[in-house]
Amino acid sequence: DTGVSQDPRHKITKRGQNVTFRCDPISEHNRLYWYRQTLGQGPEFLTYFQNEAQLEKSRLLSDRFSAERPKGSFSTLEIQRTEQGDSAMYLCASSLVSAYNEQFFGPGTRLTVL
Amino acid sequence: KNEVEQSPQNLTAQEGEFITINCSYSVGISALHWLQQHPGGGIVSLFMLSSGKKKHGRLIATINIQEKHSSLHITASHPRDSAVYICAVRGQTGANNLFFGTGTRLTVIP
């Protein structure tokens, strides 16, 4: 399968713990996006990378959130000192740099903070 | 106010019915996506369009740039079409991220 993959698919953690999610984009895609989706809502943009450079961050990305894409391939999203409000589906997408720029989504990581 | 509004929020149809989901947006866009999300969360891109009309199987998507409106039609609906359908737009001003509607939950009853 050469689609976008995310790991883990589900994560349950206690409030105050740190969690890290991984996204592997489609191999030739140089853009990678992170989105967050809460129950009953559409996804909201968090951040995106072009190769290893983080080019844009949403105001939703508080100081407790950090994302990296060290080699321009896979990316990690870390949440420190998790809060119950962080419970959501975290979606990753990737695309080529082109005028077309169609984004392909991964299956998501569902985070539950108890 | 959300930049992207969808209607209806929920839709129940009998198998075989023709279905229309609407999307209106308030910003200038370079492209509009229709996405399908099944229980469990994975999102599949159905269409990306910037003008006119696209068709894939029983699905048809149209967009009217002047009216800032798009529709997704499903012909001969089937229970396997039951999912959340999300409209998302990409802005014009260099932004690469998508702005999403809240989705339309479709249930097709056999």
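The rules we used
Residue numbering note: each chain is counted from 1, following its sequence as written. A letter from A marks each chain and a number from 1 marks each ligand, given out in the order of writing. Reporting in this predicted model follows two pLDDT cut-offs: at least 70 for local features of residues, and 80 or more for side-chain atom pairs to be given and counted; totals over whole chains, interfaces and linings ignore these cut-offs and use all residues. To get the side-chain values, take all heavy atoms of the structure and skip hydrogens and water. Each residue gets a pLDDT score, which is the predictor's confidence in that residue and runs from 0 to 100. Helix and strand definitions here come from DSSP, where helices need a minimum of 4 consecutive H or I residues and strands a minimum of 2 consecutive E residues; each element is numbered from the N-terminal end. Throughout this description, the term salt bridge denotes a Lys or Arg side-chain nitrogen within 4 Å of a carboxyl oxygen of Asp or Glu. Here the term buried applies to any residue with accessible area under 20% of the maximum for its type, exposed to any over 50%, and partly exposed to those in between, with areas from a 1.4 Å probe on protein chains only. Strand pairing requires that DSSP identify at least two bridges connecting the strands.

## Digging into the confidence of the model for chain A
Okay, step 1: Looking at chain A, the pLDDT average stands at 91 and 96% of residues meet or exceed 70.
Okay, step 2: Of all the helices and strands in chain A, strand S6 (residues 53-57) of chain A carries the lowest mean pLDDT, 89, while strand S3 (residues 19-24) of chain A carries the highest, 98.

## Brief notes about the pattern of salt bridges
Okay, step 1: For the structure shown, the criterion picks out four salt bridges over all chains.
Okay, step 2: One salt bridge in this structure joins Arg64(A) and Asp86(A), with 2.8 Å as the shortest N-O distance. A residue pair is termed long-range when its members are at least 10 positions apart, and Arg64(A) in the loop between S6 and strand S7 (65-68) and Asp86(A) in the loop between strand S8 (75-79) and strand S9 (88-95) qualify at 22 residues. When sorted by exposure, Arg64(A) lands in the same class as Asp86(A), which is buried.
Okay, step 3: Ionic pairing is found between Asp81(B) and Arg58(B), a salt bridge with its closest N-O pair at 2.8 Å. Of this pair, Asp81(B) sits in the loop between strand S8 (69-74) and strand S9 (83-91) while Arg58(B) sits in the loop between strand S6 (52-56) and strand S7 (59-64), and the two are 23 residues apart along the sequence.
Okay, step 4: Its relative accessible area of 6% is what places Asp81(B) among the buried residues.
Okay, step 5: Overall, Arg58(B) belongs to the partly exposed group, its relative accessible area being 27%.
Okay, step 6: Taken together, the shared-partner salt bridges in this structure form one network comprising Arg64(A), Glu83(A) and Asp86(A).

## Some words on the pairing of strand S5 (residues 44-50) of chain A
Residue and element names in this part refer to chain A.
Okay, step 1: Taken across its seven residues, S5 has five buried, putting it largely inside the fold.
Okay, step 2: With six bridges joining them, strand S4 (residues 31-37) and S5 adopt antiparallel strand pairing. When the sheet's bridge partners are listed, Tyr35 is paired in S5 with Phe45.
Okay, step 3: In this structure, the hairpin formed by S4 and S5 is closed by a connection of six residues, where Gly40 is found at a positive phi of approximately 80 degrees.
Okay, step 4: Here S5 runs beside S6; their pairing, made up of four bridges, is antiparallel. Note on S6: the bridge partner recorded for Tyr48 is Glu56.
Okay, step 5: In sequence, S5 turns back onto S6 through a hairpin of two residues, with Asn51 there showing a positive phi of about 55 degrees.

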